[in-house]
Amino acid sequence: RRAARRRRARRRDAADMVLSLRKRQRDAVIRMLNLNAPRSALDRVDDDDVEVYKVLVMDKRCFDIVTPLVRVNELRRHGVTLHLLLDADRQPIADVPAVYYVSPTPRNVARIAKDFKDGLYEAYHLNFSSSLPRPLLEQLANDAVKFDAAAKVERVFDMHSDFVSLSDDVFTLAQADAYVNLNDPTMKDADVERAVNDVVTGLFSVCATLGKAPIIRAQRGGAAEMAATELDRRLRDHVKARGGLFAADDVGGFGGGFGGGAARGRPLLCLFDRNFDLASALQHGWTYAPLVHDVLGMRVNRVDIAGGDSSAAAAATMTKKSYDLEDNDPFWVRNYASEFPKVAEEVEAELAKYKKAMDEINRGVASSGGADEGDALGDQTRKLVSAVASLPELQERKKVIDKHTNIATALLGQIKARGIDEYHAIEEDLLSGKCDKEAVMSLLAATGRGTPEDKLRLAILYVMAQRGGGGGGGDGDD
């Protein structure tokens, strides 16, 4: 029985490791930074005899992929002395290899060819976020030969990492116009197919990073089904190919599995059209993370705050501060799903704890100890040592408190200026079936309560609530 329990525990640990998407993507990026060295060599990246100084060149898309995964100080630890954007004006750097991490587009391939022509670097390690199409690969090879750079191209590698891991359990394909491209009735069929292909490329990258082909289920009759069918075809092609990304017995199709034991240990991928739950994309949030994202424009786990005043005029003139909101922020982890009033209370509570801890240190240092001079001196020394040891932790706590104080202050300013609490309350009533037309119309007509976009979102939710309730007759015409 003990052996069986140990086997079950190992299987659970293995399953957890398989689905650690962000960790796997980060490991792939670290290997890329170390010139795709084998895993055993990565354990020695701090040794002088294996460290290679290099330049990292990215396009904007891949910069967003790397940003939540690796910090600047970690780049330096892996030998990256300089990171630059592909489209920036870059100067030649002799005797230094360059690691490229870019999307496989004709524009990027042409820009790399220009770097070949200009002889910018000693060697080129070319990594593409998804599969480089055959025509572009041939063009790249021709350009390398044409500009006498073929011997300098050390590697051309398909990373299959075309998605952004925001946290351990959240990733995004980061395709801002996908909804419009898939739902605009004026879009041409070719444009819709291109948008579906972009979605499939991102989902395939997720599967390849996990090393698992999922069981696919999708909503019928729309873009979700189109994406599921194309993803299924692409997975099958890689399974059939020798040396593919997936084992032959580890894939099943859309609408049904194939291969013996195909469903064992595989994740389930459910695809829905955005219209299945459009209200959640329109509703004004009232919990911390949605508010920061919606109101302050958080992007790839970073938010920019204008110091002091939250007004538009002040924001245009004052220097902005940038804050990272990651899993290593304990306050964010505890409160990202809490409602805003609760977050404000937690900020005050954390500040009170910090002040109390500082007061205790100050009182301890100031106290004289016992009557005996020797004992008093020893006690004073111990208290000083303890105070000094606790200061770094307290300083880090203060940084976190200051960060969330500034974010909460900026949120509060926008909530008051736009009346976001009113919008949220009315939208909650609409979505719960308590449709108050008079309250909706009053807020829509109010001057200075919300931006035009706020009012448009409320109006759309009102129309959706009317139609969803089976009504929509006279009121819908209004």
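Residues numbered from 1 in each chain as written. Predicted model: local features only at pLDDT ≥ 70, side-chain atom pairs only at ≥ 80, totals over all residues. Heavy atoms only, no water.

Student: So, the sheet that holds strand S4 (residues 123-128): which residues are in play, and what are the values?
Tutor: Adjacent strands of a sheet form backbone hydrogen bonds with each other and so pair up, either parallel or antiparallel. Overall, parallel pairing links the 5 strands, which are arranged S2-S1-S3-S4-S5 in an open sheet. In this open sheet, the two strands that pair with only one neighbour each are strand S2 (80-85) and strand S5 (153-158). Between one strand axis and the next, the sheet turns by 15° as a mean value, whatever way the strands run. By the bridge criterion, 5 bridges tie S4 to S5 in an arrangement that is parallel. Each residue of the ladder has a partner; that of histidine 125, found in S5, is arginine 155. Most of the contacts of helix H2 (residues 21-33) go to strand S1 (residues 54-58), to which it runs at about 130°, and overall it touches S1, S2, strand S3 (97-102) and S4. (Pairing = 2+ DSSP bridges. Helix = DSSP H or I, 4+ residues; strand = E, 2+ residues; numbered from the N terminus. Axes fitted to C-alpha atoms, helices over the stretch in contact; angles between N-to-C directions. Contact = heavy atoms within 4.5 Å.)

Student: Describe the pattern of salt bridges, with residues and values.
Tutor: The final tally for this structure, using the stated rule, is 32 salt bridges. The salt bridge involving arginine 233 is made with glutamate 230; its shortest N-O contact spans 2.5 Å. With arginine 233 and glutamate 230 both in helix H10 (residues 223-240) and 3 residues apart, the pair spans about one turn of that helix. The class for glutamate 230 is partly exposed, based on a relative accessible area of 22%. Shared partners join several salt bridges into a network, and the residues in it are Glu230, Arg233, Arg234 and Asp237. (Salt bridge = Lys/Arg side-chain N within 4 Å of Asp/Glu carboxyl O. Buried < 20%, exposed > 50% of the residue type's maximum accessible area, 1.4 Å probe, protein only.)

Student: So what's going on with the confidence of the model for the protein? Which residues, and what values?
Tutor: Scored by pLDDT, the protein comes out at a mean of 84, with 79% of its residues at no less than 70. Scored below 50 in pLDDT, residues 255-263 makes 13 contacts in the model with residues more than four places away or belonging to other chains. Note on residues 469-478: pLDDT under 50 across the span, and 8 contacts to partners over four residues away in sequence or across chains. (pLDDT = per-residue confidence, 0-100.)

Student: Lay out helix H9 (residues 189-210) with the relevant residues and their values.
Tutor: An α-helical segment advances 3.6 residues per turn. Residues three or four places apart therefore align on the same side. For H9, with 22 residues, the first-to-last C-alpha span of 32 Å sits near the 32 Å given by 1.5 Å per residue. Directly beyond the C-terminal end of H9, a positive phi value near 75° is found at glycine 211. (Expected span 1.5 Å × (residues − 1).)

Student: Help me get a handle on the nonpolar core, residues and values and all.
Tutor: Core analysis: the largest hydrophobic core is formed by 25 residues, its most contacted members being Leu203, Phe204, Ala227, Leu231, Leu235, Phe246 and Leu271. Within the residue set of this core, elements represented by two or more residues are H9, strand S8 (215-218), H10 and strand S11 (268-271). For this core, the element with the most residues is H9, which contributes 10 residues. Val295, Val347, Ala410 and Ile415 belong to the second-largest nonpolar core, a separate cluster that totals 23 residues. (Core = buried A, V, L, I, M, F, W, Y, C linked by side-chain atoms within 4.5 Å.)

Student: Let's hear about the side chain of glutamine 283: which residues, and what values?
Tutor: Note that glutamine 283 resides in the loop between helix H11 (279-282) and helix H12 (288-296). Exposure remark for glutamine 283: the relative accessible area of 18% places this residue in the buried category. Excluding residues within four positions of it along the chain, glutamine 283 makes contact with His424, Glu427, Glu428, Leu431, Arg457 and Leu461.

Student: An account of the packing of aromatic side chains is requested, with residue identities and associated values reported.
Tutor: Overall, the coordinates contain 9 aromatic pairs when judged by the stated rule. Here the aromatic residues Tyr100, Phe116, Tyr121 and Tyr124 are joined through ring pairs into a cluster of three or more. (Phe/Tyr/Trp six-rings, centres within 6.5 Å; stacked < 30°, edge-to-face > 60°.)

Student: Pulling in residues and values, what's your account of the pairing of S3?
Tutor: The buried count for S3 comes to 6 of 6 residues, which makes it a mostly enclosed element. The side-chain alternation of S3 yields two buried faces, one formed by Pro97, Val99 and Tyr101 and the other by Ala98, Tyr100 and Val102. Note that S1 and S3 share 4 bridges and pair parallel. The partner of methionine 58 across the bridge, within S3, is tyrosine 101. Relative to S4, S3 runs parallel, the two being bridged by 6 bridges. What sits directly across from tyrosine 100, in S4, is leucine 126.

Student: An account of the packing of helix H17 (residues 420-431) against helix H18 (residues 437-445) is requested, with residue identities and associated values reported.
Tutor: How two helices sit against one another is set out by the angle between their axes and by the gap between those axes. Relative orientation of the contacting elements H17 and H18 amounts to 150°, with a least axis distance of 11 Å. The angle between the axes of H17 and H18 places the two elements in the roughly antiparallel class. In terms of crossing hand, the pair formed by H17 and H18 is left-handed. From H17, Glu422, Tyr423, Ile426 and Leu430 reach across to H18, where they touch Ala439, Val440 and Leu443. Among the residues making up the contact of H17 with H18, the classes are represented as 6 nonpolar, no polar and 1 charged. (Parallel < 35°, antiparallel > 145°, perpendicular 65-115°, else oblique. Left-handed = near helix turned anticlockwise from the far one by under 90°. Nonpolar A, V, L, I, M, F, W, Y, C, P; charged D, E, K, R; others polar.)

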